[in-house]
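So the chains spell out like this:
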Amino acid sequence: MRIAGIMSGTSLDGIDVAVIDITGSGHKAKVNVLASHSVPYPKKVRQALLSVSDATTQTGDISRLNFLLGELYAEALEEAAERSGIALNSIKLIGCHGQTIFHEGQAAQYLGKKVASTMQIGESSIISERTGIDVISNFRERDIAAGGHGAPLVPYLDYMLLRHRGRGRVAVNIGGISNLTAIPPNTNSDRLIAFDTGPGNILIDQLVTRITLGRQTFDRDGVLASRGKVDPKLLAKLLRDKYYRAKPPKTAGREQFGAEFVSKLLDTELSTEDLIATATALTAESIASGIRNFVLPEMRVDEIFVSGGGTHNPVLMAALTKAMEPIPVRRTSEVGLDVDAKEAIAFAVMAYETKHARPSNVPQATGAKRPVVLGKITQNGAPAPNGKSNGSSRASESASHGAAASHGPAASHGAAASHNVASHNGSSQSHKSTPARKSTTVARPANPPAKAKTAAR
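So, here is what we can say about the structure in this document. (Residues numbered from 1 in each chain as written. Predicted model: local features only at pLDDT ≥ 70, side-chain atom pairs only at ≥ 80, totals over all residues. Heavy atoms only, no water.)

## Considerations on the sheet that holds strand S7 (residues 169-174)
Think of a sheet as strands paired side by side through backbone hydrogen bonds, with each pair either parallel or antiparallel.
So, point 1. Sheet architecture is open: five strands sit in the order S9-S8-S7-S10-S11, paired in mixed fashion. Of all the strands in the sheet, just strand S9 (193-199) and strand S11 (329-331) have a single pairing partner and so form its edges. Taken over all neighbouring pairs, the strand axes of this sheet differ in orientation by 25° on average, direction set aside.
So, point 2. Sheet topology note: the strand S10 (residues 303-307)/S11 ladder contains three bridges and is parallel. Pairing of Phe-305 across the sheet is with Arg-330, part of S11.
So, point 3. Sitting on the sheet, helix H5 (residues 155-162) touches S7, strand S8 (177-183), S9 and S10, and the angle it makes with S8 is about 45°.
So, point 4. In this fold helix H11 (residues 272-294) packs onto S7, S8, S9 and S10, with an angle of close to 155° to the strand it touches most, S9. (Pairing = 2+ DSSP bridges. Helix = DSSP H or I, 4+ residues; strand = E, 2+ residues; numbered from the N terminus. Axes fitted to C-alpha atoms, helices over the stretch in contact; angles between N-to-C directions. Contact = heavy atoms within 4.5 Å.)

Structure below.
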């Protein structure tokens, strides 16, 4: 079955699309990645999303953005299909995560009751109407309804593609928020350890944006951090936050590491470079401490595979590599899994499971009482004619008029070749720091080499 996954992360940098072919079922399914593509948010759209994310806002703005994002998501998928030579009407299902504007996975007191909640926007009805394809969206709500935190959900894919008979592996994703999935060797999904470790790029991005008054929105190639020095006292103070000591399952978001948190960092009056360096060190050390405190006491770790926008920051990757020595730290691309497309692939896979009425949450990761079928289905009628969308969407053109894209022009890769990421069981598995990604082939070997080079960045 051919499925598209659409993902927009906490970093608010843009839209990631992946198109996959998938066969089989559950964790034994075989995934073939046909295309992946990234489209940055127009500057004004990103600013609008920031204004409604964990903020006092107008309901009208949320409603308009919900429908606007639906248009942008449909356009991003159309663009991905066109660039890759994939007929839109060959795609039979879309899994769309949407854009999180609020997430509170831990229940809080509200109007006399304890309530956990989450909200992702990006109207599925618009996506379905424009593309002629059924859409599954709103994945997190059902897990929360079942007593979970609604995150992390990607461990389902991590286990499917990265489990190994003889190696203990940790999959780390550094997006706006960092999360990990620890997979013991030769195990089933019941023994996974997964949780959000804390900030990923979210603090770095906010600091850069505020210090530069919006002229920059992230630390490209870690240049600012490389010019600064980590303040050990501030870093130690930040690491004393109770979140890092809390036992999994746990989830984090802009609610903890948003504007108020950043304002306190700015009050320290460190130089720009030292502040960015310290925030970068916090991301690396919080991931490392999460592994040391909650993973290593439970299992052997032979290798760590990293994905997400943080992999494009060499200062961050070098700090994580040093903190985890002697355990090798590698990119997921070394096993054929695109560092920028993993989450989009994950939601395509979860949509496939939902279509077949199979659960795809991992209760050990989210804290849910039981496995549940995730998402809500928006069904479409007849497919759009000639492989085209059911409507000509011009939302992105009007939204970006007179505004520069936050991370450069749209980037695409994988148009020329499919990427085999079928599960490897050991039988012998955002930030774009460049304005455009070149076409690359990352075909996953059936048996990845046992001794790949350590990706110290």
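After presenting the structure, the write-up continues.
## Focus on the environment of Asp-205
So, point 1. Its place among the elements puts Asp-205 in helix H6 (residues 202-211).
So, point 2. Residue Asp-205 is classed as buried on the basis of its relative accessible area, which comes to 4%.
So, point 3. With twelve residues separating them along the chain, Asp-205 and Thr-217 place their C-alpha atoms 5.6 Å apart. (Buried < 20%, exposed > 50% of the residue type's maximum accessible area, 1.4 Å probe, protein only.)

## Description of the side chain of Asp-143
So, point 1. Among the secondary structure elements, Asp-143 is positioned in helix H4 (residues 140-145).
So, point 2. Buried and without a salt bridge, Asp-143 has Arg-140 as its closest oppositely charged side chain, separated by 7.6 Å.
So, point 3. At 2.8 Å, the side chain of Asp-143 forms a polar contact with the side chain of Thr-366.
So, point 4. In this view, Asp-143 contacts Gly-148, His-149, Gly-150, Ala-151, Asn-361, Thr-366, Ala-368, Val-372 and Leu-374; residues no more than four positions away in its chain are not counted. (Lys, Arg positive; Asp, Glu negative; His and termini not counted. Salt bridge = Lys/Arg side-chain N within 4 Å of Asp/Glu carboxyl O. Polar contact = N/O pair within 3.5 Å; in protein donor to acceptor, adjacent residues only side chain to side chain.)

## Thoughts on the packing of helix H2 (residues 59-84) against helix H3 (residues 124-131)
So, point 1. The contact between H2 and H3 brings their axes to 8 Å, and the two run at 40°. Along this stretch, H2 crosses H3, giving a crossing that reads as right-handed. Of the residues in H3, those in contact with Phe-67, Gly-70, Glu-71, Tyr-73, Ala-74, Leu-77 and Glu-78 of H2 are Ile-126, Ile-127, Arg-130 and Thr-131.
So, point 2. Tallied by class, residues from the contact of H2 with H3 come to six nonpolar, two polar and three charged. (Left-handed = near helix turned anticlockwise from the far one by under 90°. Nonpolar A, V, L, I, M, F, W, Y, C, P; charged D, E, K, R; others polar.)

## Side note on the pairing of strand S2 (residues 14-23)
So, point 1. Of all the ten residues making up S2, eight are buried; the element is thus mostly covered by neighbouring parts of the structure.
So, point 2. Where strand S1 (residues 2-8) and S2 come together, six bridges link them in antiparallel fashion. For Ile-6, the partnering residue across the bridge sits in S2 and is Val-17.
So, point 3. Turn length for the S1-S2 hairpin, with the two strands adjacent in sequence and antiparallel, is five residues, and the turn residue Leu-12 shows positive phi of about 60°.
So, point 4. Two elements, S2 and strand S3 (residues 30-40), share ten bridges in a ladder whose sense is antiparallel. Pairing of Gly-14 across the sheet is with Pro-40, part of S3.
So, point 5. The antiparallel pairing of S2 with S3 creates a hairpin that spans six residues between the two strands, and Gly-24 there sits at a positive phi of about 85°.

## A look at H2
So, point 1. End to end, H2 covers 38 Å across 26 residues, agreeing with the expected 38 Å (1.5 Å per residue, within 8%).
So, point 2. Positive backbone phi, at 70°, marks Gly-85, one or two positions downstream of H2. (Expected span 1.5 Å × (residues − 1).)

## Description of the nonpolar core
So, point 1. Ile-20, Ile-345 and Val-349 are the most contacted members of the largest nonpolar core, which has 42 residues in total.
So, point 2. Elements represented by at least two residues in this core include exactly S1, S2, S3, H5 and helix H13 (342-355).
So, point 3. Among the elements that take part in this core, H13 stands out by supplying nine residues, more than any other.
So, point 4. What Ile-20 contacts, discounting residues up to four positions off in sequence, is Met-1, Arg-2, Ile-3, Val-31, Asn-32, Val-33, Leu-34, Ile-345, Ala-348 and Val-349.
So, point 5. Of all hydrophobic cores here, the second largest spans 31 residues; its members include Ile-15, Ala-35, Val-39 and Leu-49. (Core = buried A, V, L, I, M, F, W, Y, C linked by side-chain atoms within 4.5 Å.)

## Describing the packing of aromatic side chains
So, point 1. Across all of its chains, the model carries four aromatic pairs by this definition.
So, point 2. Taken together, a centroid distance of 5.7 Å and an interplanar angle of 85° make the contact between Phe-195 and Phe-294 edge-to-face. Taken as a pair, Phe-195 in strand S9 and Phe-294 in helix H11 lie far apart in primary sequence, 99 residues in all.
So, point 3. Judged by relative accessible area, which is 1%, Phe-195 ranks as buried.
So, point 4. On the numbers, 6.0 Å between centres and 85° between planes, the contact of Tyr-243 with Tyr-244 is edge-to-face. With respect to class, Tyr-243 is no different from Tyr-244; both count as buried.
So, point 5. Over the aromatic face of Tyr-159 sits the side chain of Arg-163, whose NZ or CZ is 5.1 Å from the ring centroid.
So, point 6. A cation sits over an aromatic face here: Lys-250 above Tyr-243, 4.6 Å from the ring centre. (Phe/Tyr/Trp six-rings, centres within 6.5 Å; stacked < 30°, edge-to-face > 60°. Lys NZ or Arg CZ within 6 Å of the ring centre and 35° of its normal.)

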